[in-house]
Amino acid sequence: MKKVNLAVVGATGMVGRTFLKVLEEREFPINDLYLFSSSKSAGKKVTFAGKEYTVEELTEDSFTGRNIDIALFSAGGSTSGKFAPIAAANGALVVDNSSFWRMDPEVPLVVPEVNPEAIKEHKKGIIANPNCSTIQAMLPLKALHDKYTIKRIVYSTYQAVSGSGVKGVEDLEEGSKGNPTGFYPHPIAFNCLPHIDSFLDNGYTKEEMKMVNETRKILCDDSIRITATTVRVPVKNGHSESINLEFEKDFDLDELVATLAAMENVVVVDNPAENLYPTAAEFSDRDEVFVGRIRRDFSVDSGINLWVVADNIRKGAATNAVQIAEKAIEMELV
């Protein structure tokens, strides 16, 4: 794989730091590396692959004359909305982790194991990383949709505080000690909040509608009926999801499990007799998606229940973005 000039925007944030960890672990082919952040974090020193780098403030001139091939963004929607087009205009292929570009019809929304071919369809030099809770669901759902045709999805998510960034983790840690907190609208320690992102006029939250809309875009099927309830839980890292599916076609349960196990980067952990099923604590800091509690939904003709767990900061954000960048190099798009 050819070496590229790479930029990380939001390099000092939780996902930005994980970008660097994943890039180093995967021995991503980097020639020159540029790290950008807000003025607040500019000047910090970061070590990557044994070399020290100084974080620069992100400005409108950051991409000028540097021949940056790929830019990984995780700095929030407003930053991506302003600076991603600037980076693209200077020749960089942007992989953006915010929600800003996800539903733009000219911006592919990509999970590399699911729809890598969509990477080629970018028209603005920008590729969107899906929402963390959507990414982990897509791997098992793609395998099952191709074989049995999903007609309805019911998502119930149990999402870690790391999905809110450093402040979410701090709220859990301080609240667990009995200290006052204020980041979430209610205490998160020893509690569950059915409230992720802001509420919309239809009664759903933005997080819930992200899952609905992003699922349809990634699977290229607007006919799938989808509903979602997303819940913040007092878990530091790792999202868990209960996913109920109804298919157009009947299925053999053993064959369905084998179909899941054959999907790239899906690991089936499902032996109730031995109390084996995926948990967020056990599979934190992993890049795979883990599936268990696989059982028929006897309330419908062709229904299944799945329990899906993944590290939301790795596969749900950083690793997925790095995989997109790897695919772009393989496709000779940079």
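Use the structure listed above.
Draft legend 1. Main features of the packing of aromatic side chains. Enumeration according to the criterion identifies nine aromatic pairs in this entry. An angle of 45° between the planes, with centres 5.3 Å apart, marks the rings of Tyr 148 and Phe 247 as tilted. Of this pair, Tyr 148 sits in helix α3 (residues 132-148) while Phe 247 sits in strand β11 (residues 239-247), and the two are 99 residues apart along the sequence. For the pair formed by Tyr 148 and Phe 247, the shared burial category is buried. A ring pair is formed by Phe 247 and Phe 251, whose centres lie 5.6 Å apart and whose planes are at 80°; its orientation type is edge-to-face. For Phe 247, a relative accessible area of 2% gives the class buried. Within the aromatic cluster, the residues linked to one another by ring pairs are Phe 36, Phe 63 and Phe 73. One cation-aromatic arrangement involves Arg 296 over Phe 251; the distance from NZ or CZ to the ring centre is 4.1 Å.

Draft legend 2. Summary view of the sheet that holds strand β2 (residues 30-37). Spatially, the six strands line up as an open sheet ordered β5-β2-β1-β6-β7-β8, and their pairing is parallel. With one partner strand each, in any of the chains shown, β5 (56-57) and β8 (126-128) form the two edges of the open sheet. Sheet topology note: the strand β6 (residues 70-73)/strand β7 (residues 93-96) ladder contains four bridges and is parallel. The partner of Leu 72 across the bridge, within β7, is Val 95. Docked against the sheet, helix α2 (residues 77-89) engages β6, β7 and β8, running at close to 175° with respect to β6. In the packing of helix α7 (residues 314-330) onto the sheet, the strands contacted are β1 (4-9), β6, β7 and β8, and the crossing angle to β6 comes to about 165°.

Cut-offs applied
- Residues numbered from 1 in each chain as written.
- Predicted model: local features only at pLDDT ≥ 70, side-chain atom pairs only at ≥ 80, totals over all residues.
- Heavy atoms only, no water.
- Phe/Tyr/Trp six-rings, centres within 6.5 Å; stacked < 30°, edge-to-face > 60°.
- Helix = DSSP H or I, 4+ residues; strand = E, 2+ residues; numbered from the N terminus.
- Buried < 20%, exposed > 50% of the residue type's maximum accessible area, 1.4 Å probe, protein only.
- Lys NZ or Arg CZ within 6 Å of the ring centre and 35° of its normal.
- Pairing = 2+ DSSP bridges.
- Contact = heavy atoms within 4.5 Å.
- Axes fitted to C-alpha atoms, helices over the stretch in contact; angles between N-to-C directions.

These figures capture arrangement, not role.
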